[in-house]
Amino acid sequence: MHYGLGLLSTTSYRRVLEAARWADNVGLVNFAVPDHYLDESPAGRPTLDAFAVLAGLARETAGIELAVMLSPITFRHPAVLAKSAVTIDRMSGGRFLLGVGTGWFELEHTVMGLELPSLDERFDRLEDALGYLGAAFLPEPAAYAGRFYRLERHPVQPPPSRRVRLVVGGTGPIRTPRLAGLHADELNIHSTPVAGVAARVRRAREAAAGAGRDPAGLRISYSSAVVAGRSPSEYRRRLARAARSERVEPDRLERRMAQRNTLHGTYGQVEEVLGLLGEAGVSRFYIQRRLDANLDETGEILEGIGFRAGTARP
């Protein structure tokens, strides 16, 4: 299992940079930021633009992959996604991963005046956008004509330094894995019971095989926050602290984590779940942390659940 760090907010560029350099230095494979215009937590923290943040990180980190996880198709036309991705790819020396999804957060769409179509239409738009992006990232000019988006066969300079890798993610059990298998380099799964992961992996790889792609070449990743400790008592202390940050009672937060399949408990319990995810086909785990989380504690949790600092990146 390879480990990455995914932030849950981008309030301060200085703090994001500190976390990214820390992740780079300890040898994590990936550093990911979310793409939201409003913070989804009750605290309502400020948010920065994900692509602008990643462009900065591209010049201020060295070896770690950089990803947006995930950009809602409701925010940007795929032409904008493609041009932003190629720009950050070039700035980072080929270290950028573009994660896309359907979008879901109704409040940010309402506040910002963005349309949030039905879920079926969002999936249709996502599929169309993935076809567009696949054509846009080819080394030679290619055309694409879909229901929502169209790309002319014309040179669009510069091309990426190499084909920009795509991540498709979300909670959908059917269309999300199918679209990942058809178009993406990585399927990212979150908020999913361990028992449901294997079925999603199977659907994704069947779709890849049906499209003439190598099913084994599709990376499977899993994202979750982790509230854990060496012992039950340490776990309870960290649960209480997380509950204060979320402005809820600890028992209520624990129930919510169970409902959302957030990893929690002792290190041994979390590591056991990660082992089951590995058996289901997951090879990369993104630990999700708030921007204000203590980095030393993050490192301790990562080591407690199986990460070894200084190991070679794949």
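The structure we're discussing is the one just above.
In this convention, every chain numbers its residues from 1, walking through the sequence in written order. Two thresholds apply to this predicted model, a pLDDT of at least 70 for residue-level local features and 80 or more for giving and counting side-chain atom pairs, whereas whole-chain, interface and lining totals are computed over all residues. Heavy atoms from the whole structure form the basis of all side-chain values; hydrogens and water molecules are not counted.

Let's talk about empty space enclosed by the protein
Every definition here rests on a 1 Å grid over the protein atoms only: cavities are sets of points where a 1.4 Å probe fits but cannot get out, pockets are open sets enclosed by protein on both sides within 12 Å along at least five of seven lines, and lining residues have some atom within 4 Å of a point. Grid points are joined across faces, edges and corners, and a volume is the space filled by probe spheres set on the points. Taken as a whole, this structure holds two cavities of 30 Å³ or more when the rule is applied. Here the largest cavity is characterised by a volume of approximately 60 Å³. As for the largest cavity, its lining consists of Leu8, Ser9, Thr10, Pro34, His36, Leu38, Asp39, Glu40, Thr47 and Leu48. In terms of residue class, the lining of the largest cavity is made up of four nonpolar, four polar and two charged. Here the second largest cavity is characterised by a volume of approximately 40 Å³. Along its surface, the second largest cavity is lined by Leu5, Leu7, Ala19, Arg289, Arg290, Leu291, Ala293, Leu295 and Thr298. In terms of residue class, the lining of the second largest cavity is made up of six nonpolar, one polar and two charged. Residue type decides the class: Asp, Glu, Lys and Arg count as charged, Ala, Val, Leu, Ile, Met, Phe, Trp, Tyr, Cys and Pro as nonpolar, and the leftover types, Gly among them, as polar.

Concerning the side chain of Glu108
Along the chain, Glu108 falls in helix 4 (residues 106-112). At 9.3 Å, Arg76 is the nearest oppositely charged side chain to Glu108, a buried residue that forms no salt bridge. Segments assigned H or I by DSSP are reported as helices when at least four residues long, segments assigned E as strands when at least two residues long, and all are numbered from the N terminus. Each residue's exposure class comes from its accessible area (1.4 Å probe, protein chains only) as a fraction of the maximum for that residue type: buried when under 20%, exposed when over 50%, partly exposed otherwise. We treat Lys and Arg as the positive residues and Asp and Glu as the negative residues; His and chain ends play no part in the count. By salt bridge we mean one thing: a side-chain nitrogen of Lys or Arg within 4 Å of a carboxyl oxygen of Asp or Glu.

Digging into the environment of Ser161
Inspection of the secondary structure puts Ser161 in the loop between strand 6 (150-151) and strand 7 (165-170). On the basis of relative accessibility, which here comes to 44%, the residue Ser161 falls in the partly exposed class. The sequence separation of Ser161 and Gly4 amounts to 157 residues, and the corresponding C-alpha distance is 23 Å. Residues within four places of Ser161 in sequence aside, it is in contact with Asp89, Arg90, Gly93 and Gly94. Two residues qualify as a contact provided that any one of their heavy atoms is within 4.5 Å of a heavy atom in the partner residue.

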